[in-house]
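Structural description and commentary
These are the residues of each chain, in order.
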Amino acid sequence: MEFVDGTSLSTILLRGPLPPSAAAAYSVQVLDALAYAHARGVIHRDIKPANLMLAADGHIKLMDFGIARVQADKRLTQTGSTVGSLFYMSPEQIKGSDPDGRSDLYSLGITMYEMVTGRRPFGGDSDFQIMSAHLQQAPMAPIEVIPGIPSGLSDIILMAIEKDPAARFQTAEAFRAALGHAFP
């Protein structure tokens, strides 16, 4: 595995939210990595700030494919099991369904929400409360949390974290294109 001289995004976020343009630029890099992985049938299943490293050269590296799964290989996961980090887990992962690339996009949307607001959209005092929030709670729009966030970015994040996978971006490329229009 490559050694990455850098800092995890989770450590960087301890200092507070990022400027929207930086959050978008970092997310575009993650989406490039996800597009590459998804095109090869690999679903990461654990996108979160701790797995995103800001390298010394300013590039974001997507780390820890430890629970990644090749879509065609059903032997690598158990049906009905939940794998990932609860704060960033997609509703379909929580339900124990078979995730696809849109689950990674949801988790990146949750990560982007945290990047621009300094907080996660869903929380709770127990695993059950966190899971229920992902499944049932409507998130506060990022622009309502931090009024200076561009409305286009707020809308992109909300689309990425739609409960229904069919209502989200369908591909990393589509997500990246939307960010490209918001931050040309």
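Owing to the predicted nature of the structure, the values given are computational and were not obtained by experimental measurement. (Residues numbered from 1 in each chain as written. Predicted model: local features only at pLDDT ≥ 70, side-chain atom pairs only at ≥ 80, totals over all residues. Heavy atoms only, no water.)

Overview of the overall build of the protein chain
As a reminder, the rule being used: Secondary structure counts use DSSP, requiring at least four H or I residues in a row for a helix and at least two E residues in a row for a strand, with both numbered from the N terminus. To sort residues, take the accessible area from a 1.4 Å probe on protein chains only and compare it with the maximum for the residue type: under 20% means buried, over 50% means exposed, and anything in between is partly exposed. Whether two residues are in contact is decided by their heavy atoms, any of which lying within 4.5 Å being enough. Every accessible area reported is derived by Shrake-Rupley at a probe size of 1.4 Å, with residue values counting cover from the shown protein chains alone.
Regarding its fold elements, the protein chain presents 8 helices and 5 strands. Mapped from its N terminus to its C terminus, the protein chain presents α and β elements in the order β-α-α-β-β-β-β-α-α-α-α-α-α. A total of 184 residues make up the protein chain; the buried ones form 47% of that total. Long-range pairs, those at least 24 residues apart, make up 66% of the contacts in the protein chain with a sequence separation of at least 6. Carbon and sulfur atoms provide 55% of the accessible area of the protein chain, an area that totals close to 8,800 Å².

Brief notes about unusual backbone geometry
Phi is positive for arginine 45, which is not a glycine, with a value near 70°. Mapping arginine 45 onto the fold places it in the loop between strand S2 (42-43) and strand S3 (52-55). Among the residues examined, arginine 45 registers a relative accessible area of 8% and is labelled buried.

Some points on the side chain of glutamate 114
For the record, the criterion: Whenever a nitrogen or oxygen atom comes within 3.5 Å of another N or O atom, the pair is scored as a polar contact, on the condition that within protein one atom can donate a hydrogen and the other can accept it, and that pairs from neighbouring residues in sequence are kept only if both atoms are in side chains.
Looking at where glutamate 114 falls in the secondary structure, it is placed in helix H4 (residues 101-117). When its relative accessible area of 11% is taken as the criterion, glutamate 114 is described as buried. Here the side chain of glutamate 114 touches tyrosine 88 through a polar contact of 2.4 Å, side chain to side chain. Every residue in contact with glutamate 114, bar those within four places of it in the chain, is listed here: Leu13, Pro49, Tyr88, Arg119 and Arg120.

Some details on the pattern of salt bridges
As a reminder of what qualifies: Within this document, salt bridges are pairs made up of a side-chain nitrogen of Lys or Arg and a carboxyl oxygen of Asp or Glu, the two lying within 4 Å of each other.
With the rule as written, the count across this model stands at 5 salt bridges. Residue arginine 168 is joined to glutamate 92 by a salt bridge in which the shortest nitrogen-to-oxygen separation is 2.7 Å. Highlighted residues: arginine 168 in the loop between helix H7 (151-160) and helix H8 (172-182) and glutamate 92 in helix H3 (residues 91-94), separated in sequence by 76 residues. For arginine 168, a relative accessible area of 2% translates into the label buried.

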